[in-house]
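Read off the chains here:
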Amino acid sequence: DEELSDNAYVDATDLAQIPDQINVLLIGVDARENEDASRSDTMMLVTLDNKNKQIKLTSFLRDSFVEIAGRNYWSKLNSAYFRGGIQTLSDTLELNFKVDIQYYALVDFEIFTTIVDSIGGINVDVTERESYYTYHSGSVNVPVRIEAGEDVLLNGEEALWYSRIRYLDSDFQRTQRQRKVITAIVEKASTKNPAELYSLAEKVIPLIKTNMSSTQIISLGLAALKNQAYNYPIVQHQIPANGTWENQNISGVGASLVMDLEENQKLLHKFLAEKQSVAQSPTTTN
């Protein structure tokens with residue numbers, strides 16, 4: 001699919017170069033019929049850290065107020081994809097956070113449900129409040145009903161709506177639910193044997209838009225099996241981090257998360273470079 005060109009707005013030497021890591025930008029888009037452009041609903045950096053033997057998930061909140069690469073203005077982060085597609089979104093993240101994005105994987109919501117159903121559903125803990133939301137969501141009209149409990153089995157449609165719950169609390173909790181879902185997908189896939197994983201990949205990969213070639217995907221898969229990367233613990237982070245931002249109502253943009261960019265760069269680089277405590281990984285939600 002679409003390749004990523006070199007970033008014209010930031011020098012490559014300014015990007016954090018961390019050995020033995022592979023960064024994949026996971027983009028979830030709300031692609032509706034008859035729409036030529038859509039906003040990125042989910043922006044998550046998935047880092048395979050072979051040095052520290054961890055999988056690291058970093059959510060970038062959609063209302064983050066950032067400089068949009070090549071546009072000469074500042075706006076909410078989720079407008080970058082709407083304005084210029086994958087290249088502009090990748091350039092914007094690199095420009096603001098000085099992180100090296102090597103690959104991307106883009107899925108729309110229909111494909112997401114197919115992926116979850118293909119692995120037999122996922123198990124997540126659902127709170128009473130989250131369950132109540134699916135029954136009493138008012139004008140949002142959630143088409144599923146999810147019971148509360150531990151290790152609740154969700155099919156594709158249920159997992160989609162669980163990860164999209166927004167008006168119950170805030171986007172901080174919403175992105176935490178998204179990380180829970182991605183973690184559950186990885187954990188479920190890790191229970192499959194190599195033959196099952198290969199069969200799953202044959203079904204799922206053609207549905208995903210990515211700049212990784214077939215050779216690269218196979219190479220990554222074989223390396224993951226060899227290193228048992230599917231057993232790496234998963235740790236989490238979010239941008240903006242706690243204590244580094246404030247809400248502001250910006251003219252022409254609306255309610256935005258205005259952050260200390262330099263501090264968030266430092267925290268992100270530290271998270272990626274160092275081995276994280278699984279029990280204390282930065283999963284905080286404002």
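Reading guide: rules and limits
- Residues numbered from 1 in each chain as written.
- Predicted model: local features only at pLDDT ≥ 70, side-chain atom pairs only at ≥ 80, totals over all residues.
- Heavy atoms only, no water.
- Helix = DSSP H or I, 4+ residues; strand = E, 2+ residues; numbered from the N terminus.
- Rg over C-alpha atoms; globule rule 2.2 N^0.38 Å.
- Buried < 20%, exposed > 50% of the residue type's maximum accessible area, 1.4 Å probe, protein only.
- Contact = heavy atoms within 4.5 Å.
- Areas by Shrake-Rupley, 256 points an atom, 1.4 Å probe, with all protein chains shown as cover.
- Lys, Arg positive; Asp, Glu negative; His and termini not counted.
- Charge placed at Lys NZ, Arg CZ, Asp CG, Glu CD.
- Pairing = 2+ DSSP bridges.
- Phe/Tyr/Trp six-rings, centres within 6.5 Å; stacked < 30°, edge-to-face > 60°.
- Lys NZ or Arg CZ within 6 Å of the ring centre and 35° of its normal.
- Core = buried A, V, L, I, M, F, W, Y, C linked by side-chain atoms within 4.5 Å.

(A) Region of the structure containing the overall build of the chain. For the chain, the count of helices and strands is eight helices and twelve strands. Against the compact-globule benchmark of 19 Å for 286 residues, the chain has a radius of gyration of 18 Å, which places it among compact chains. Considered along the principal axes of its C-alpha atoms, the chain spans approximately 50 × 45 × 45 Å. Relative to its 286 residues, the chain shows a buried fraction of 50%. When contacts within the chain are restricted to residue pairs at least 6 apart in sequence, those whose partners lie at least 24 apart make up 68%. Accessible surface for the chain amounts to roughly 14100 Å². Of this, 48% is attributable to carbon and sulfur atoms. On the chain, the mean spot of the 26 positive side-chain charges and the mean spot of the 39 negative ones are 2 Å from each other.

(B) Quick peek at the pairing of strand 10 (residues 234-239). Taken across its six residues, strand 10 has six buried, putting it largely inside the fold. Note that strand 3 (residues 54-60) and strand 10 share six bridges and pair parallel. Counterpart to Ile55 in the pairing with strand 10 is Ile234.

(C) Representation of the packing of aromatic side chains within the structure. Under the defined criterion, the tally for this structure stands at three aromatic pairs. Both rings, one in Phe172 and one in Trp245, keep their centres 4.9 Å apart while their planes meet at 25 degrees; by these two values the pair is stacked. Of this pair, Phe172 sits in helix 5 (residues 171-189) while Trp245 sits in strand 11 (residues 245-250), and the two are 73 residues apart along the sequence. A relative accessible area of 21% means that Trp245 is categorised as partly exposed. The ring of Phe271 is capped by Lys56, whose NZ or CZ atom sits 5.7 Å from the centre of that ring. Directly above the ring of Tyr135 sits Arg145, whose terminal nitrogen or CZ lies 5.6 Å from the centroid.

(D) Spotlight on the nonpolar core. Grouped together as the largest cluster of nonpolar side chains are 40 residues, with contacts concentrated most on Phe112, Ile122, Val124, Leu154, Tyr162 and Ile185. Not counting residues within four places of it along the chain, the set of residues in contact with Phe112 comprises Gly156, Ala159, Leu160, Val181 and Ile185. Among the nonpolar cores identified, the runner-up in size contains 27 residues, and Leu4, Ile68, Leu268 and Leu272 belong to it.

(E) Representation of the pairing of strand 12 (residues 254-259) in the model. Note: strand 11 against strand 12, six bridges, orientation antiparallel. Bridge assignment links Asn249 to a residue of strand 12, and that residue is Ala255. With antiparallel pairing between neighbouring strands as the criterion, strand 11 and strand 12 make up a hairpin whose turn holds three residues, including Gly252 at a positive phi of roughly 80 degrees.

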